[in-house]
Amino acid sequence: MNAVKNMNKYSLIKELNTIPNTNRESLKKLSKVILTDQSLFESLVEIAFDYDNDISLKAIATLELVVEQRLDLIAYNLSYFTKNISRIKDENAIKSISKICNLIAQEYTSKFDSPIKLIMTHEQLSEIIETSFDWLLKDYKSSIKTNAMDALYYIGKKISWIHYEMKLIIEKNISNESANYASKAKKVLELIEKTSMA
């Protein structure tokens, strides 16, 4: 791993290029470098969406690891992030993106003030809602759909029509989905029921 002080967008691309595809340990090391030098975060977001190749996939996986530790960093890049999430086609990348959307949705609807709550626009929120519904409706892995369900459940606490729409989709599809999906769907339906009665 290059010395932190020598890193820029170009060296970040080079670093991502040297990491073997499935090497999570190397991605974790790189995420620590970015957490140490947060000026690299914007470059990481750009690389994640600028290239439609292995480097992008590794950048997206690294982005997930960084955002899990410091969700506030994505707040200042929300516009770029939300504009591009619907363009991602690789399922592993979508899994990471859907996890990030889930974390953003939880933060947006939490009781506490945060950069995400202060910065997020109606347009950015709409992009997350639209893309999450898209993931829920398409033939994706259950891990993507469960992240989408979570994100929509949280946002639906503030925007009531989302729970209604999501309930219709879940009830229609539950019998054709995996056990993992069905288990999450039942929990979400129970939560929606409780929320509507509150």
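Here, every reference points to the structure presented above.
Predicted model only: the values in this text are computed from it and were never measured.

### Examining the overall build of the protein
Consideration 1: Of the regular secondary structure elements, the protein holds twelve helices and zero strands.
Consideration 2: Taken from N to C terminus, the helices and strands of the protein fall in the order α-α-α-α-α-α-α-α-α-α-α-α.
Consideration 3: Seen through its C-alpha atoms, the protein measures out along the principal axes to roughly 55 × 35 × 25 Å.
Consideration 4: For the protein, buried positions account for 49% of its 198 residues.
Consideration 5: Put simply, 66% of the contacts in the protein that link residues at least 6 apart link residues at least 24 apart.
Consideration 6: Accessible surface, the protein as shown: approximately 10400 Å² in total, 49% of it carbon and sulfur.
Consideration 7: In the protein, which carries 27 positive and 26 negative side-chain charges, the distance between the mean positions of the two groups comes to 4 Å.

### Description of the packing of aromatic side chains
Consideration 1: Scanning the entire structure with this criterion turns up four aromatic pairs.
Consideration 2: Ring centres of Phe 49 and Tyr 80 lie 6.3 Å apart, and the angle between their planes is 65 degrees; this geometry places the pair in the edge-to-face category. With Phe 49 in helix 3 (residues 41-50) and Tyr 80 in helix 6 (residues 78-84), this pair connects stretches of sequence that are 31 residues apart.
Consideration 3: Phe 49 gets classed as buried once you look at its relative accessible area, which sits at 2%.
Consideration 4: Between Phe 133 and Trp 161 the ring centres are 5.9 Å apart and the planes differ by 15 degrees, which places this aromatic pair in the stacked class.

### A few points about a nonpolar patch on the surface
Consideration 1: On the surface, a cluster of nonpolar side chains totalling about 350 Å² of accessible area is made up of Tyr 76, Leu 118 and Ile 119.
Consideration 2: Relative to the elements of secondary structure, Leu 118 occurs in helix 8 (residues 115-119).
Consideration 3: Given a relative accessible area of 67%, Leu 118 falls into the exposed group.

### Focus: the layout of surface pockets
Consideration 1: Its volume calculated, the largest pocket comes out at about 400 Å³.
Consideration 2: Lining the largest pocket are 18 residues, and of these Asn 21, Leu 27, Leu 57, Ala 61 and Asn 92 sit closest to its centre.
Consideration 3: Breaking the lining of the largest pocket down by element, the ones donating at least two residues are helix 2 (24-36), helix 4 (54-69) and helix 7 (91-108).
Consideration 4: Ranked by residues supplied to the lining of the largest pocket, first place goes to helix 4 with six residues.
Consideration 5: Here the residues of the lining of the largest pocket sort into five nonpolar, six polar and seven charged.

### As for the pattern of salt bridges
It is possible for side chains of opposite charge to pair when their charged atoms get near one another.
Consideration 1: Evaluated as defined, the whole model comprises nine salt bridges.
Consideration 2: With a shortest N-O distance of 3.0 Å, Lys 184 and Asp 150 are connected by a salt bridge. In this pair, Lys 184 sits in helix 12 (residues 179-197) while Asp 150 sits in helix 10 (residues 142-156), placing the two residues 34 residues apart along the sequence.
Consideration 3: Residue classification places Lys 184 among the partly exposed positions, given a relative accessible area of 21%.

### Description of the side chain of Asn 173
Consideration 1: Positionally, Asn 173 belongs in helix 11 (residues 161-173).
Consideration 2: With residues up to four places along the chain from it excluded, the contact list for Asn 173 reads Leu 136 and Tyr 181.

### As for the environment of Ser 31
Consideration 1: Topologically, Ser 31 is positioned in helix 2.
Consideration 2: Leaving out residues up to four positions away in the same chain, Ser 31 has contacts with Thr 62, Leu 65 and Val 66.

### Some thoughts on the environment of Ile 74
Consideration 1: Tracing the backbone shows Ile 74 in helix 5 (residues 72-75).
Consideration 2: Residues Ile 74 and Ile 104, 30 residues apart in the sequence, show an inter-C-alpha distance of 8.6 Å.
Consideration 3: Dropping the residues within four chain positions of it, Ile 74 is found in contact with Phe 41, Val 45, Leu 63, Val 67, Phe 81, Ile 104 and Ile 116.

Conventions we followed
- Residues numbered from 1 in each chain as written.
- Predicted model: local features only at pLDDT ≥ 70, side-chain atom pairs only at ≥ 80, totals over all residues.
- Heavy atoms only, no water.
- Helix = DSSP H or I, 4+ residues; strand = E, 2+ residues; numbered from the N terminus.
- Buried < 20%, exposed > 50% of the residue type's maximum accessible area, 1.4 Å probe, protein only.
- Contact = heavy atoms within 4.5 Å.
- Areas by Shrake-Rupley, 256 points an atom, 1.4 Å probe, with all protein chains shown as cover.
- Lys, Arg positive; Asp, Glu negative; His and termini not counted.
- Charge placed at Lys NZ, Arg CZ, Asp CG, Glu CD.
- Phe/Tyr/Trp six-rings, centres within 6.5 Å; stacked < 30°, edge-to-face > 60°.
- Patch = residues over 30% accessible without salt bridge, like charges linked within 9 Å, V, L, I, M, F, W, Y side chains within 5 Å.
- Salt bridge = Lys/Arg side-chain N within 4 Å of Asp/Glu carboxyl O.
- 1 Å grid on protein atoms, 1.4 Å probe; cavity = no way out; pocket = protein on both sides within 12 Å on 5 of 7 lines; lining within 4 Å.
- Points joined across faces, edges and corners; volume = space filled by probe spheres on them.
- Nonpolar A, V, L, I, M, F, W, Y, C, P; charged D, E, K, R; others polar.

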